[in-house]
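Residues per chain are reported as follows:
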Amino acid sequence: MHSTLSDVFISHPIHIPLSNLPDFTSLRHLPDSYTWTPKDDLLFSASSSDESLPFIDLSDPHVATRVGHACTTWGAFQITNHGVPSRLLDDIEFLTGSLFQLPVNRKLKAARREDGISGYGVARIASFFNKQMWSEGFTVIGSPLDDFHKLWPRQHLKYCKIIQEYEEHMQKLAAKLMWLALGALGVEEKDIEWAGPISDFQGAQAAIQLNHYPICPEPDRAMGLAAHTDSTLLTILYQNNTAGLQIFRDDVGWITVPPVPGSLVVNVGDLLHILTNGIFPSVLHRARVNHLRSRFSMAYLWGPPSDLMISPLPKLVDPLHSPLYPSLTWKQYLATKATHFNQSLSFIRNYLSSDQIS
Ligand SMILES: O=C(O)CCC(=O)C(=O)O
Ligand SMILES: [Fe+2]
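Residues numbered from 1 in each chain as written. Chains lettered and ligands numbered in written order. Predicted model: local features only at pLDDT ≥ 70, side-chain atom pairs only at ≥ 80, totals over all residues. Heavy atoms only, no water.

> Describe the sheet that holds strand β2 (residues 76-80), naming the residues involved and giving the relevant values.
The mixed open sheet is built from eight strands, whose spatial order is β1-β2-β10-β7-β12-β5-β4-β3. In the strand order of this sheet, the two ends are held by β1 (55-57) and β3 (119-121), each with one partner. In this sheet, adjacent strand axes meet at a mean angle of 25 degrees when their direction is disregarded. Examined bridge by bridge, strand β7 (residues 234-239) and strand β10 (residues 264-268) share four bridges and lie antiparallel to one another. Within β10, the residue paired with T235 across the bridge is N267. (Pairing = 2+ DSSP bridges. Helix = DSSP H or I, 4+ residues; strand = E, 2+ residues; numbered from the N terminus. Axes fitted to C-alpha atoms, helices over the stretch in contact; angles between N-to-C directions.)

As structure tokens, then:
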């Protein structure tokens, strides 16, 4: 039977009591439960380098080479001239701001259920850390109608329309980026059957993750969203005009991705890393907070149909480059991630068949 992404979370519930949600505005000092040290996350070091993430104009004649190079060296890049209307970016930012500005008791009406994925709550990755993160989130998967009706009984349709339009643009952009990135490796449309008859990846599945990082009294000791890679093929992220996103490269350390109005950040996710047999790294990233301004980010998490087998593309495998990963579905990968978190890729690397992975 065809299953949806939500099914994965029914079998892998997370237990984060909603009482853990803080009243961010009333805290003058960071409580111990929000104070991070390197002991809480080995990666809790300050950013160091002045290197910067590639910034790519999608109308550049050499765009495929640039995208391919950015994916290979960083697993991430920023884009401009991407075709998403700036009015729509304003709309989604407005929606996000309006949502998190609601009183806590209203937001809790649309709280994510323990075995669910949609709705309001703390970051799913919270269960892997001893300390709490200075953020709140809202996940949209499928129709937001029911949840939005609980949040905005009289205005929900207006907000549903923004989500629908945003998804349509993001889906098209994700497909375009996918072909640019894979095209740079010599992968052609005929090499990916599931992209469909007109190669537009109509069968893809996606979620939208809205994040809010409130003003923080002691930002140097707090963490907005701890270091992770995304379990997607690609993630397209829009951030408001407040810095906070940082990405990690082994030879560089942490660098901040400055917000550039109207531009979008693209991350290679774990599944594209698998598909390219490790040629593209999935980028480790996190969000820091600050004491002056609230920060919002809106992530479009894009992946394949959840029951489709994903494996290193035959074109990228040869006697010198044997497949590094077994075939597995997005659903299976998410189940692995729910247990092994940032060790998931190295965990599945040890298996030849997904039947062995539990
Ligand atoms: O807020 C950000 O910049 C990062 C958000 C993120 O990584 C995510 O939602 O997966
Ligand atoms: Fe992320």
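> So what about the site of ligand 1? Which residues, and what values?
Around ligand 1 there are 13 residues in total, and N211, Y213, H285, R295 and S297 lie nearest to it. A distance of 3.0 Å separates an oxygen atom of ligand 1 from a polar side-chain atom of N211. Here ligand 1 has 300 Å² of accessible area as a free molecule, and 95% of this is covered by the chains. Where the shell around ligand 1 is concerned, the elements lending two or more residues are β5 (205-213), β6 (225-228), β11 (284-287) and β12 (295-303). (Near = heavy atom within 4 Å. Polar contact = N/O pair within 3.5 Å; in protein donor to acceptor, adjacent residues only side chain to side chain. Areas by Shrake-Rupley, 256 points an atom, 1.4 Å probe, with all protein chains shown as cover.)

> Mind laying out the coordination of the iron ion (ligand 2), listing which residues take part and the relevant values?
For a metal with four tetrahedral donors the ideal donor-metal-donor angle is 109.5 degrees, whereas six octahedral donors ideally subtend 90 or 180 degrees. Donor atoms from the polypeptide that bind the iron ion (ligand 2) are H228 (NE2), D230 (OD) and H285 (NE2), placed at 2.1 to 2.2 Å. Counting residues between consecutive donors of the iron ion (ligand 2) along the chain gives the motif H-x1-D-x54-H. Of this pair, D230 sits in the loop between β6 and β7 while H285 sits in strand β11, and the two are 55 residues apart along the sequence. Among the residues examined, H285 registers a relative accessible area of 6% and is labelled buried. (Donors = N, O, S within 2.8 Å, 3.2 Å for Na, K, Ca; no water. Buried < 20%, exposed > 50% of the residue type's maximum accessible area, 1.4 Å probe, protein only.)

> Quick one: what's the story with the nonpolar core, residue by residue and with numbers?
Judged by nonpolar contacts, the single largest core of 74 residues is most densely connected at F138, F148, F201 and W302. Per-element accounting of this core gives the leading share, 15 residues, to helix α6 (residues 156-183). Residues contacting F138, with those up to four places away along its chain left out, are L99, F100, A110, G119, Y120, D147, F148, L151, I208, Q209 and L210. Core analysis: the second largest hydrophobic core is formed by 21 residues, Y34, I125, A126 and V289 among them. (Core = buried A, V, L, I, M, F, W, Y, C linked by side-chain atoms within 4.5 Å. Contact = heavy atoms within 4.5 Å.)

> Tell me about unusual backbone geometry, residues and numbers included.
Here N81, not a glycine, exhibits a phi torsion of approximately 50 degrees, which is positive. As for its position among the elements, N81 is in the loop between β2 and α3 (86-101). By relative accessible area, N81 is classed as partly exposed at 49%.

> So what about the packing of aromatic side chains? Which residues, and what values?
Going through the model one piece at a time under the given rule, you end up with 13 aromatic pairs. For the ring pair F128 and F341, a centre distance of 4.4 Å and an interplane angle of 10 degrees mean the geometry is stacked. Taken together, the positions of F128 in the loop between β3 and β4 (136-140) and F341 in the loop between α8 (330-340) and α9 (344-349) put the pair 213 residues apart, joining distant regions of the chain. Residue F128 is classed as partly exposed on the basis of its relative accessible area of 31%. Measuring from centroid to centroid gives 5.1 Å for W179 and F201, while their planes differ by 35 degrees, and the two rings are tilted. In this pair, W179 is assigned in helix α6 and F201 in the loop between α6 and β5, connecting sequence segments 22 residues apart. Under the relative-accessibility criterion, F201 is labelled buried at 0%. The ring of W74 carries the charged tip of R249 above its face, separated from the ring centre by 4.3 Å. Lying over the aromatic face of W254, R286 brings its terminal NZ or CZ to 3.9 Å of the ring centre. (Phe/Tyr/Trp six-rings, centres within 6.5 Å; stacked < 30°, edge-to-face > 60°. Lys NZ or Arg CZ within 6 Å of the ring centre and 35° of its normal.)

That's the geometry; what it means functionally is another story.
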